[in-house]
2 protein chains.
Amino acid sequence: MTPVSSPLTTDLYELNMVQAYLDRGECEEAVFEFFVRKPPARRGFLLAAGLEDSLGYLETLRFSSADLDWLKRSGRFRDNLLDYLAGFRFAGDVHAIPEGTVCFGYEPLLRVTAPLPMAQLVESRLINIMHYQTLVASKAARMVLAADGKALSDFGLRTAHGAEAGLYSARASYIAGFAGAANVLAGVNYGVPVVGTMAHSFVQTHVSEIQAFEDFARARPQDVILLIDTYDTEAGARKVVELAPKLEKDGISIRGVRIDSGDLIAMSRKVRRIFDDGGCKNVIILVSGGVNEDTLQTMAREKAPIDGCGIGVSLDVSTDVPALDCAYKLQEYAGIPRRKRSEGKATWPGRKQVWRSYDALGRMVGDTLSVEGDTQKGETIIRQVMRGGKRALSAPTLTQIRDQAVRDLARLPEPLRRLEAFDYPVMIADKLKALAVEADRAMKP
Amino acid sequence: MTPVSSPLTTDLYELNMVQAYLDRGECEEAVFEFFVRKPPARRGFLLAAGLEDSLGYLETLRFSSADLDWLKRSGRFRDNLLDYLAGFRFAGDVHAIPEGTVCFGYEPLLRVTAPLPMAQLVESRLINIMHYQTLVASKAARMVLAADGKALSDFGLRTAHGAEAGLYSARASYIAGFAGAANVLAGVNYGVPVVGTMAHSFVQTHVSEIQAFEDFARARPQDVILLIDTYDTEAGARKVVELAPKLEKDGISIRGVRIDSGDLIAMSRKVRRIFDDGGCKNVIILVSGGVNEDTLQTMAREKAPIDGCGIGVSLDVSTDVPALDCAYKLQEYAGIPRRKRSEGKATWPGRKQVWRSYDALGRMVGDTLSVEGDTQKGETIIRQVMRGGKRALSAPTLTQIRDQAVRDLARLPEPLRRLEAFDYPVMIADKLKALAVEADRAMKP
């Protein structure tokens with residue numbers, strides 16, 4: 001099995017086009033931008049993510065001799081392409097909206113400036129990384145805003161779409177403000193705090209539930225979280241009350257319990273009462289199973305005694321909006337602005353910048369999309385991050401990216417913080433409109 | 001970056017539990033089954049997929065010294081766990097519904113029988129592989145049934161959730177009857193036929209659209225598919241008619257065109273007329289952009305002159321049902337049947353088999369779920385595929401799996417073939433019901 005980090009994780013048509021470009025010597029400078037078209041109402045804002053992994057991809061993209069052999073044996077390509085790939089090193093410029101930054105439809109999250117074959121070759125994988133991480137970070141940000149301070153954890157590896165989705169989800173949700181993830185590899189590769197409790201199978205392998213609780217607590221005394229819903233949740237809670245003093249004698253504290261089924265809010269109240277009445281006031285209540293931003297808002301409104309949530313499929317799969325309409329489009333070639341005019345899919349040409357304005361309280365009030373070099377009011381949010389294939393800025397740490405997200409989520413307009421439908425204004429500047437007219441004139445379709 | 005094929009692509013709680021099991025010497029034989037709970041109406045049947053990758057995972061699961069070092073440095077685990085992982089080789093039995101087989105809710109797609117820590121350790125990744133591949137195969141099967149013979153291709157890598165999803169989607173959709181995929185790595189790793197045309201950027205880099213068509217045709221003369229919707233689709237089609245005789249003189253045939261925007265059915269008719277009137281009767285019409293099983297049914301009903309479709313996000317993300325409710329549950333431990341009784345999540349205990357009955361025409365009429373060894377009427381569909389960690393059967397080829405899917409899709413009840421809501425009968429046998437009662441009695445929760 002060739003690993004998915006292979007450069008052959010790409011669409012055949014990228015190689016077809018690079019072959020044609022090389023044949024014709026079409027190697028002028030090209031500018032591509034990755035952006036999301038207008039997202040649906042349940043994504044009133046996006047949180048940029050995926051840039052560091054994208055830059056890592058560009059920095060390390062190499063074709064091995066096995067890769068080249070396979071392409072040669074396919075009989076589809078000529079030696080000029082194979083030679084080009086054998087020596088391939090990404091040497092272009094990259095501009096981007098930094099990770100952890102709030103952004104909106106049509107704002108370019110990433111711009112690649114490079115000779116045409118080079119900029120084309122990287123399309124499929126860049127979209128693949130940027131789309132999914134931004135999708136999950138944007139979903140996770142909604143959950144963090146709705147959580148009212150509860151600690152949220154990514155439990156979604158199992159139903160994530162493949163192993164890489166489970167890994168990227170842990171990273172993207174941590175950026176958005178999650179406390180950690182269950183996926184161990186996210187700890188290894190990104191330093192995301194790894195969290196975990198126990199499964200129903202642990203309880204089921206014991207004939208007695210209370211014995212299962214005791215065994216688990218003694219095996220993992222540093223962080224005892226007991227799963228109490230395998231048979232009867234209230235009965236499970238009463239067993240925790242019964243067990244706690246016995247464990248305390250041996251210096252083991254039960255830190256919390258997890259409820260994974262049923263009416264989580266109603267059950268959390270019953271369990272809280274059992275604990276408070278039974279001298280377990282410090283035992284926290286975690287829940288999982290079907291949690292999303294809507295249920296989090298309900299928990300907050302109803303002041304449910306829930307301290308934290310494990311979130312699975314609604315995060316990793318972003319079930320309500322499992323994909324964003326996005327593109328990596330040619331905006332300029334050989335110094336001439338380009339755009340696509342396909343029905344319903346027209347794009348703005350040129351190299352763009354976003355200017356963002358804030359009110360006196362520091363809340364975002366509107367963005368302006370224009371061509372780079374224009375002089376608009378506000379703070380620019382697109383920065384150069386790679387020059388000639390080398391990083392122009394040192395890579396931020398995951399904590400720095402996460403801090404940026406905290407700052408930006410605090411600056412969202414109030415309706416967006418409340419997850420209400422809200423059309424954040426993104427103005428198209430006159431210079432950009434003029435460039436679109438110019439691009440149309442330059443083409444003779 | 002540790003690759004996602006690492007054994008650390010797992011949830012922390014699996015390691016927590018294995019630690020506790022080892023501490024307590026709980027290493028009796030455990031039986032876990034992976035199944036999907038009742039799927040929604042738009043998934044009236046499932047197509048099993050993911051088994052070969054799951055078996056490959058089990059066969060090759062090894063902890064490297066780097067993996068073990070990381071776990072040791074985490075400070076969470078004791079030497080007995082680290083020693084266990086250092087020597088880990090999966091040595092259990094696996095029973096499964098073969099890939100390419102139609103199946104239904106609660107039918108176990110996979111059963112693992114192994115000492116408890118071994119069977120527990122592999123949970124997260126097995127679910128991750130089985131869930132996603134079955135999700136996509138089931139979605140793809142709907143599209144194949146709706147396609148009325150059109151060739152379908154997986155174009156979804158870019159918005160798939162990570163690189164592995166793009167790879168697995170190509171495999172799972174090919175099993176279900178797709179003609180191929182754009183993802184090159186699917187060709188390398190699985191031998192899926194790789195397909196690809198051109199992108200809008202190719203047209204946009206040329207000042208003249210017809211020149212772009214000619215350049216592409218000359219660069220890739222063996223398989224000329226031209227993308228004609230960059231500016232104006234009908235104008236693009238007329239340029240194909242203009243160009244065709246010129247290329248024919250040089251022995252190059254235009255095989256087809258692709259339309260990627262607008263009203264695909266209406267436009268395919270206009271383009272077909274332009275081609276037929278212009279002497280291009282053999283030029284085929286491919287479409288992409290927003291195609292799913294519903295649009296495929298409309299295309300078939302309206303007899304649109306469309307020869308093939310590239311399908312992206314609706315396949316790779318399975319947008320209408322982006323996840324299935326599934327589980328890997330303990331069904332037996334130390335010879336005693338087990339089950340979970342959590343609210344809304346109760347499971348059937350024991351080692352199960354499925355018996356399937358057919359009518360005189362060979363169409364499926366109903367399944368019976370019972371305990372292994374029961375004598376029910378019908379054909380059994382669960383087979384042993386691994387014994388003591390070694391394959392019990394030689395691995396089928398992808399073509400054999402695909403042939404199995406063709407056979408099984410032909411045997412679906414007619415309403416399911418038409419993608420109508422239909423509740424396929426899955427009877428629970430008396431012996432299984434009795435075992436559930438026995439399991440409840442055996443536990444003292």
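These figures come from a predicted structure and were not determined experimentally. (Residues numbered from 1 in each chain as written. Chains lettered and ligands numbered in written order. Predicted model: local features only at pLDDT ≥ 70, side-chain atom pairs only at ≥ 80, totals over all residues.)

## So, the overall build of chain A
Test applied: Secondary structure elements are defined from DSSP: runs of H or I of at least 4 residues count as helices, runs of E of at least 2 residues count as strands, and each element is numbered from the N terminus. Field definition: a residue is buried when 20 or more other C-beta atoms are found within 10 Å of its C-beta, exposed when 12 or fewer are, and partly exposed for counts in between, with C-beta atoms placed from the backbone. We call two residues in contact if the C-beta atoms placed from their backbones are at most 7 Å apart.
A tally of regular secondary structure across chain A gives 17 helices and 19 strands. Taken along the three principal axes of its C-alpha coordinates, chain A extends 80 × 60 × 40 Å. Within chain A, buried positions represent 57% of all 445 residues. Within chain A, contacts between residues separated by at least 24 positions form 72% of all contacts whose residues are at least 6 apart in sequence.

## Examining the relation of the copies chain B and chain A
Rules: We superpose the copies by least squares over the C-alpha atoms of residues that have a pLDDT of at least 70 in both of them.
Superposing chain B onto chain A takes a rotation of 180 degrees plus a shift of 0.0 Å along the axis, which leaves an RMSD of 0.0 Å. Taken together, the rotation and translation relating the two chain copies correspond to the operation of a two-fold axis. Mapped onto chain A, 100% of the interface residues of chain B are again interface residues, and the two copies thus contact each other with one and the same surface.

## Comments concerning the packing of helix α7 (residues 163–176) of chain A against helix α15 (residues 398–410) of chain A
Residues and elements named next belong to chain A. Selection rule: In this analysis an axis means a line fitted to C-alpha atoms, helices contributing only their contacting stretch, and an angle means the value between N-to-C directions, from 0 to 180 degrees. Angles are sorted into four bins: roughly parallel if under 35 degrees, roughly antiparallel if over 145, roughly perpendicular if 65 to 115, and oblique for all others. Residues are grouped as follows: nonpolar covers Ala, Val, Leu, Ile, Met, Phe, Trp, Tyr, Cys and Pro; charged covers Asp, Glu, Lys and Arg; every other residue, Gly included, is treated as polar.
The interhelical angle for the contact between α7 and α15, taken along N-to-C directions, is 50 degrees, at an axis separation of 7 Å. It follows from the interaxial angle that α7 and α15 lie oblique. Two secondary-structure elements touch here, α7 through Tyr174, Ile175 and Ala176 and α15 through Leu398, Ile401, Arg402 and Ala405. A per-class count over the contact of α7 with α15 returns 6 nonpolar, no polar and 1 charged.

## Brief notes about the sheet that holds strand β19 (residues 426–428) of chain B
Residues and elements named next belong to chain B. Definition in use: Two strands pair under a simple rule: DSSP has to find at least two bridges between them.
Ordered in space as β16-β14-β15-β19, the 4 strands form an open sheet in which the pairing is mixed. Lying at the two open borders of the sheet, with one neighbouring strand each, are β16 (379–380) and β19. For strand β14 (residues 352–358) and β16, the ladder comprises 2 bridges, and the chain directions are antiparallel. Across the sheet, the residue bridging to Arg356 is Glu379, located in β16. Helix α17 (residues 430–442) contacts β15 (364–371) and β19 of the sheet and is inclined by roughly 35 degrees relative to β15.

## Details of unusual backbone geometry
Residues and elements named next belong to chain A. Here the phi dihedral of Tyr106 falls at roughly 70 degrees; this positive angle occurs in a residue that is not glycine. In this structure, Leu419 is a non-glycine residue whose phi angle is positive, near 65 degrees. With respect to the helices, strands and loops of the structure, Leu419 is situated in the loop between α16 (414–417) and β19 (426–428).

## Notes on helix α17 (residues 430–442) of chain A
Residues and elements named next belong to chain A. To keep it simple, the criterion reads: Expected helix span is taken as 1.5 Å per residue step, with the number of steps being one fewer than the number of residues. Of all possible arcs, the one meant is that of the directions from the helix axis to the C-beta atoms.
Taking 1.5 Å of rise per residue, 13 residues should cover 18 Å, and α17 covers 18 Å from first to last C-alpha, within 8% of that figure. The set of residues buried in α17 consists of Leu432, Leu435 and Ala439. Around the axis of α17, the buried residues are gathered within 55 degrees of arc, so they sit on the same side. Summarising the geometry of α17, the exposed residues directed more than 90 degrees from the buried face are Asp430, Lys433, Ala434, Val437 and Arg441. If you follow the buried residues of α17, they end up packed against β13 (336–337), β15 (364–371) and β19.

## Structural notes on the sheet that holds strand β11 (residues 308–311) of chain B
Residue and element names in this part refer to chain B. Strand order in this open sheet of 6 strands is β7-β6-β11-β10-β9-β8, and the pairing throughout is parallel. Only two strands of the sheet have a single neighbouring strand rather than two, namely β7 (180–181) and β8 (224–227). Sheet analysis places strand β10 (residues 284–288) next to β11, joined by 3 bridges and oriented parallel. Paired with Val287 across the two strands is Cys309, which belongs to β11.

## Details of the pairing of strand β1 (residues 29–36) of chain A
All names here are of chain A. Most of β1 sits out of view: 7 of its 8 residues are buried. Pairing geometry for β1 and strand β5 (residues 110–115), over 6 bridges, is antiparallel. By the bridge assignment for β5, Glu33 is matched with Arg111. Relative to strand β12 (residues 326–333), β1 runs antiparallel, the two sharing 7 bridges.

## Brief notes about the pairing of strand β5 (residues 110–115) of chain B
Here is the key point about a regular strand: its side chains alternate between the two faces of the sheet. Residue and element names in this part refer to chain B. In terms of burial, β5 is largely enclosed, as 5 of its 6 residues are buried. Looking at chain direction, strand β3 (residues 93–96) and β5 are connected through 4 bridges and run antiparallel. Along β5, the bridge assignment pairs Asp93 with Thr113.

## Side note on the interface of chain B and chain A
How big an interface is tends to be stated in terms of accessible area lost as the parts join. Of the residues lining the interface, 89 residues belong to chain B; the matching set on chain A comes to 91 residues. Only α1 (12–24), α5 (116–121), α6 (123–146), α7 (163–176), α8 (184–190), α9 (200–204), α10 (209–219) and β12 (326–333) of chain B provide two or more residues apiece to the side of chain B that touches chain A. When residues of the side of chain B that touches chain A are assigned to their parent elements, the largest contribution, 8 residues, is made by α1(B). Grouping the amino acids of the side of chain B that touches chain A by side-chain chemistry returns 41 nonpolar, 30 polar and 18 charged.

## Quick look at the environment of A:Val426
Residue and element names in this part refer to chain A. Tracing the backbone shows Val426 in strand β19. Given 17 C-beta atoms within a 10 Å radius, Val426 is considered partly exposed. C-alpha of Val426 to C-alpha of Val354: the two residues are 72 residues apart in sequence and 9.1 Å apart in space.

## Describing the packing of α10(B) against helix α11 (residues 233–249) of chain B
All names here are of chain B. What counts here: When the near helix sits turned anticlockwise from the far one by under a right angle, the crossing is termed left-handed; a clockwise turn instead gives a right-handed crossing.
Between α10 and α11, the shortest axis-to-axis distance is 10 Å and the interhelical angle comes to 45 degrees. Relative to α11, the element α10 lies oblique. At the point where α10 passes α11, the crossing takes the right-handed sense. Along its contact with α10, which presents Glu209, Ile210, Phe213, Glu214 and Ala217, the element α11 presents Gly236, Lys239, Val240, Glu242, Leu243 and Leu247.

## Digging into the environment of B:Met17
Of note, B:Met17 is situated in helix α1. Put simply, B:Met17 and B:Leu121 are 104 residues apart on the chain and 8.4 Å apart in space, counted from C-alpha to C-alpha. Beyond its immediate chain neighbours, meaning those up to four positions away, B:Met17 contacts A:Met198, A:Ala199, A:Phe202 and B:Gln120.

## Describing the environment of A:Leu145
Residues and elements named next belong to chain A. Note on placement: Leu145 falls in helix α6 (residues 123–146). Put simply, Leu145 and Glu293 are 148 residues apart on the chain and 8.2 Å apart in space, counted from C-alpha to C-alpha. Discounting chain neighbours no more than four positions away, the residues touching Leu145 are Leu409, Arg417 and Leu419.

## Some remarks on helix α13 (residues 293–301) of chain B
Residues and elements named next belong to chain B. All of the buried residues in α13 are Glu293, Thr295, Leu296 and Met299. Angular distribution of buried residues about the axis of α13 spans 160 degrees; they occupy a single face of the element. Looking one or two residues past α13, Lys303 carries a phi angle of roughly 50 degrees, positive in sign.

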